[in-house]
Amino acid sequence: MLINADLHIHSRFSMASSKDMVINNIVPQAKLKGLQLMGTGDGFHLSWLNIVEESTTYSGDGIYSKKSCDFILTAEVEAKNRIHHLFIIPNIEIAREISERLSSKNKDVDGRPRVDMDGCEIKDLARDYGCLFGPAHAFTPWTGMYKTYASVYDCYHGKPDFLELGLSADSNMADRVKELQNIPFLTNSDAHSPWPHRLGREFNQIEMEDISFSSLRKGIKNNEIKANHGLIPNLGKYHMTACTKCYQLMDPLFAKENKMKCDCGGIIKKGVDFRISEIADWDKPHHPSHRPPYIHLMPLAEVIGMTYNKGVTTKTVQNIWKKLIREFNNEIDVLIKVPLSKIDEIDDGVSIAIKAFRDKSIHIAPGGGGKYGEISLDDVSNKEIKFKKRKQLTLDNFN
Ligand SMILES: [Zn+2]
Ligand SMILES: [Zn+2]
């Protein structure tokens, strides 16, 4: 069966995470987003593991269930060189055991523990306990594996089980790198809150025999990922090279000449787009035969927010979002499938925006330096001037 899975989120115990990130809030939101399997995130945090255990029933083989939602244990660690690695863990007992073994000063206070391990030690730890592992948001400039290494093999001295693309990249970009041809790609939300524009904003569709750790392992190992759903990479907050303080987009070569310092005094961070061009072997993607399609999305709540010029978490936006989901089942269908005439009956403003999304006439001021990309309709006068100041890119990557 095909399972929609978002395998990387953070609980309320992670830094900068919403206090609402608890099982009871995640379950209904996952259902609305059409996700059947969620990673718990923060799987090495003992208090979070207790909450997971208390809030769910154990269904066997590493699956913790609550109503329509199944959870599997996942965790992100920050290791040597500030590189983030993602673990998928066989069960809660193993998660506790690894947590005990981790030498980390902050593991009791932060859901994402800092450890002094290199890639090899991360790989060995994962192998010792039968976990799946791989680099999280592999190309991002602060904590992605490729910010330090030119090759995934230099980091792990072996092949990781998967590579998480991160919000600022897609498989068209990553398949320009030859060494990634035989590594499965994961697309996960890395959500820090349960809001619908965060949770499940990226997810994987995986062919699994049943919902269990063994089936997920098989699915990933045997390239049974059938689709990656993810943001148009321009929307990611590290897509372009930009200043981390004033968010001005920069030409990467100009930034290098200026020693990655902005006029405003801020630090410039290299965009994922440019980092991939540095390590790429090919100008165009070479998709291996096992690579699934990458379905480009933008959060429906943001499309509604743009239409009404209102914040994504406002009542207006959330009510329209819920109405559309109730009527048409899930966000992907609203964005991609449902006839515009039907959406028109519910909300004629939103249908114009969705039409623009579908025919690719929607404009994106690309993200960079830690600021998400922003969408706007062409020639729409109600958008602030900042869109006009920023470079409007073509949607070459968007198909
Ligand atoms: Zn991370
Ligand atoms: Zn600046």
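Residues numbered from 1 in each chain as written. Chains lettered and ligands numbered in written order. Predicted model: local features only at pLDDT ≥ 70, side-chain atom pairs only at ≥ 80, totals over all residues. Heavy atoms only, no water.

**Re the pairing of strand 10 (residues 203-207)**
For step 1, the next point in the chain: Pairing geometry for strand 1 (residues 2-6) and strand 10, over four bridges, is antiparallel. If you follow Leu2 over to strand 10, its bridge partner there is Glu207.
For step 2, the next point in the chain: Summarising the sheet, strand 10 and strand 11 (residues 225-231) pair through four bridges and their orientation is antiparallel. Each bridged residue has a counterpart across the sheet, and for Phe203 the counterpart in strand 11 is His229. (Pairing = 2+ DSSP bridges. Helix = DSSP H or I, 4+ residues; strand = E, 2+ residues; numbered from the N terminus.)

**A look at the packing of helix 11 (residues 300-308) against helix 12 (residues 315-328)**
For step 1, the next point in the chain: Between helix 11 and helix 12, whose axes approach to 9 Å, the crossing angle comes to 130°. One way to sum up the angle between helix 11 and helix 12 is to call them oblique. Along this stretch, helix 11 crosses helix 12, giving a crossing that reads as right-handed. Facing helix 11, whose interface residues are Leu300, Ala301, Ile304, Gly305 and Tyr308, helix 12 presents Val317, Gln318, Ile320, Trp321, Leu324 and Ile325.
For step 2, the next point in the chain: Residue composition of the contact of helix 11 with helix 12, by class: nine nonpolar, two polar and no charged. (Axes fitted to C-alpha atoms, helices over the stretch in contact; angles between N-to-C directions. Parallel < 35°, antiparallel > 145°, perpendicular 65-115°, else oblique. Left-handed = near helix turned anticlockwise from the far one by under 90°. Contact = heavy atoms within 4.5 Å. Nonpolar A, V, L, I, M, F, W, Y, C, P; charged D, E, K, R; others polar.)

**Quick look at the domain arrangement of the protein**
For step 1, the next point in the chain: Split into domains, the protein comes out as domain 1 (2-234) and domain 2 (300-389).
For step 2, the next point in the chain: Here the C-alpha centre of domain 2 lies 28 Å away from the C-alpha centre of domain 1.
For step 3, the next point in the chain: The interface of domain 1 with domain 2 comprises 13 residues on the first partner and 17 residues on the second.
For step 4, the next point in the chain: The interface formed by domain 1 and domain 2 holds one salt bridge in total.
For step 5, the next point in the chain: Put simply, Glu331 and Lys33 hold a salt bridge, and the shortest N to O gap is 2.7 Å.
For step 6, the next point in the chain: In this structure, the connection of domain 1 to domain 2 is made through three residue pairs in polar contact (both at pLDDT 80 or more).
For step 7, the next point in the chain: Looking at the side of domain 1 that touches domain 2, its residues break down into six nonpolar, four polar and three charged. (Domains from an automatic or database assignment. Salt bridge = Lys/Arg side-chain N within 4 Å of Asp/Glu carboxyl O. Polar contact = N/O pair within 3.5 Å; in protein donor to acceptor, adjacent residues only side chain to side chain.)

**Considerations on the coordination of the zinc ion (ligand 2)**
Tetrahedral coordination by four donors sets the ideal angle at the metal to 109.5 degrees; octahedral coordination by six donors sets it to 90 or 180 degrees.
For step 1, the next point in the chain: Protein coordination of the zinc ion (ligand 2) is provided by Cys243 (SG), Cys246 (SG), Cys262 (SG) and Cys264 (SG), with donor distances spanning 2.2 to 2.4 Å.
For step 2, the next point in the chain: Coordination at the zinc ion (ligand 2) comes from four donor atoms whose angles at the metal span 105 to 118°, giving a geometry best classed as tetrahedral.
For step 3, the next point in the chain: One chain supplies every donor for the zinc ion (ligand 2), spaced along it as C-x2-C-x15-C-x1-C. Note that Cys243 is positioned in strand 12 (residues 242-243) and Cys264 in the loop between helix 9 (252-257) and strand 13 (268-269), a separation of 21 residues in sequence.
For step 4, the next point in the chain: For Cys264, a relative accessible area of 33% puts it in the partly exposed group. (Donors = N, O, S within 2.8 Å, 3.2 Å for Na, K, Ca; no water. Tetrahedral: all angles 85-135°; square planar, octahedral: opposite > 155°, others 65-115°. Buried < 20%, exposed > 50% of the residue type's maximum accessible area, 1.4 Å probe, protein only.)

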